[in-house]
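# Descriptive analysis of the structure
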Amino acid sequence: MARDTGAACRKCRREGQKLFLKGDRCYTDKCAVERRPFAPGQHGNARNKKMSEYGMQLREKQKARRYYGVLESQFRKYYEMANAKKGVTGENLLSILETRLDNVIYRLGFAMSRPEARQLVRHGHFTINGKKVDIPSYLVKPGEVIALKDSSRSLDKFKGSLEANGSRPAPKWLDFDQNTLTAKVVALPAREDIDLPIEEHLIVELYSK
């Protein structure tokens, strides 16, 4: 399966903000955005650079892709799915991205970052409605129950992540039971449930050309 193997910190610097791709490191003074708050490359520190309308649209699309760890071909597929649905295309797109299983695992606090959540899903630590699912791009649906496998519950990795993320509540579209380590999808995420600084209308404008 194809995946983006580029340096995570360079992605954050290119977008000019933290994308929280490195877990704990993003909250320390080792964060690349804190140490070098300019784009990578020979001309990354150039001043007074003006960005075209197309450039702004492209950067917004790239930022969304990198937040969720999605390749261009798959992101385009999600856009087409969103455009075919009723409602606002940009909001539909973010809702689809939010329901990816790797993102759900991150939102529930089982992982410190989305890339880490993706790896945990691939390693088969989670079930949906009692069946193991190891596909990070699986789109969860209302009524489905996500759970940490019984054989994984004693692992220090999950205990540490859940404790570290204890102050980060699960989104309201997920009903998470910390005692049983299960979560039920009660609804599809609405735009107000998604706290990422993404201007989705710019992505729609880019793909509509």
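An unreviewed UniProt entry annotates the chain as Small ribosomal subunit protein uS4 originating from Intestinimonas massiliensis. Recorded in UniProt under Sequence similarities (unreviewed entry), the annotation for the chain is "Belongs to the universal ribosomal protein uS4 family." In UniProt, the chain has this text filed under Subunit (unreviewed entry): "Part of the 30S ribosomal subunit. Contacts protein S5. The interaction surface between S4 and S5 is involved in control of translational fidelity."

Quick look at the overall build of the chain now. Counting its secondary structure elements, the chain contains nine helices and five strands. Secondary structure elements of the chain, listed N to C terminal, follow the sequence α-α-α-α-α-α-α-β-β-β-α-β-β-α. When each of the 209 residues of the chain is scored for burial, the buried share is 46%. For the chain, restricting intrachain contacts to residue pairs at least 6 apart in sequence, the fraction spanning at least 24 positions comes to 58%. Just so you have it, the chain exposes about 11,600 Å², and 49% of that area is on carbon and sulfur atoms.

Attention now goes to the side chain of Arg107. The residue Arg107 is located in helix H6 (residues 101–107) in this model. Within polar-contact distance, the side chain of Arg107 engages the side chain of Glu98 at 2.9 Å. In contact with Arg107, not counting residues within four places along its chain, are Glu98, Arg114, Arg168, Ala170, Pro171, Ile194, Asp195 and Leu196.

Okay, the nonpolar core next. Note that soluble globular proteins tend to have their nonpolar side chains buried in a common cluster. In this structure, Leu101, Ile105, Phe110, Phe126, Val140 and Ile146 are the most contacted members of the largest nonpolar core, which totals 24 residues. Where this core is concerned, the elements lending two or more residues are H6, helix H7 (114–122), strand S1 (126–128), strand S3 (145–148), helix H8 (156–164), strand S4 (174–177) and strand S5 (182–185). Discounting chain neighbours no more than four positions away, the residues touching Val140 are Thr99, Leu101, Val104, Ile128, Ile146, Trp173 and Val185. Ranked by size, the runner-up nonpolar core spans 18 residues in total, among them Ala64, Leu93, Leu97 and Val204.

As a further point, take the side chain of Glu60. On the secondary structure map, Glu60 appears in helix H3 (residues 53–68). The class for Glu60 is buried, based on a relative accessible area of 8%. Here Glu199 takes part through its backbone nitrogen, which lies 2.7 Å from a polar atom of the side chain of Glu60. Residues in contact with Glu60, not counting those within four places in the same chain, are Pro197, Ile198, Glu199, Leu202 and Ile203.

What counts, and at which threshold
- Residues numbered from 1 in each chain as written.
- Predicted model: local features only at pLDDT ≥ 70, side-chain atom pairs only at ≥ 80, totals over all residues.
- Heavy atoms only, no water.
- UniProt positions renumbered as here; feature names shortened; annotations may be inferred.
- Helix = DSSP H or I, 4+ residues; strand = E, 2+ residues; numbered from the N terminus.
- Buried < 20%, exposed > 50% of the residue type's maximum accessible area, 1.4 Å probe, protein only.
- Contact = heavy atoms within 4.5 Å.
- Areas by Shrake-Rupley, 256 points an atom, 1.4 Å probe, with all protein chains shown as cover.
- Polar contact = N/O pair within 3.5 Å; in protein donor to acceptor, adjacent residues only side chain to side chain.
- Core = buried A, V, L, I, M, F, W, Y, C linked by side-chain atoms within 4.5 Å.

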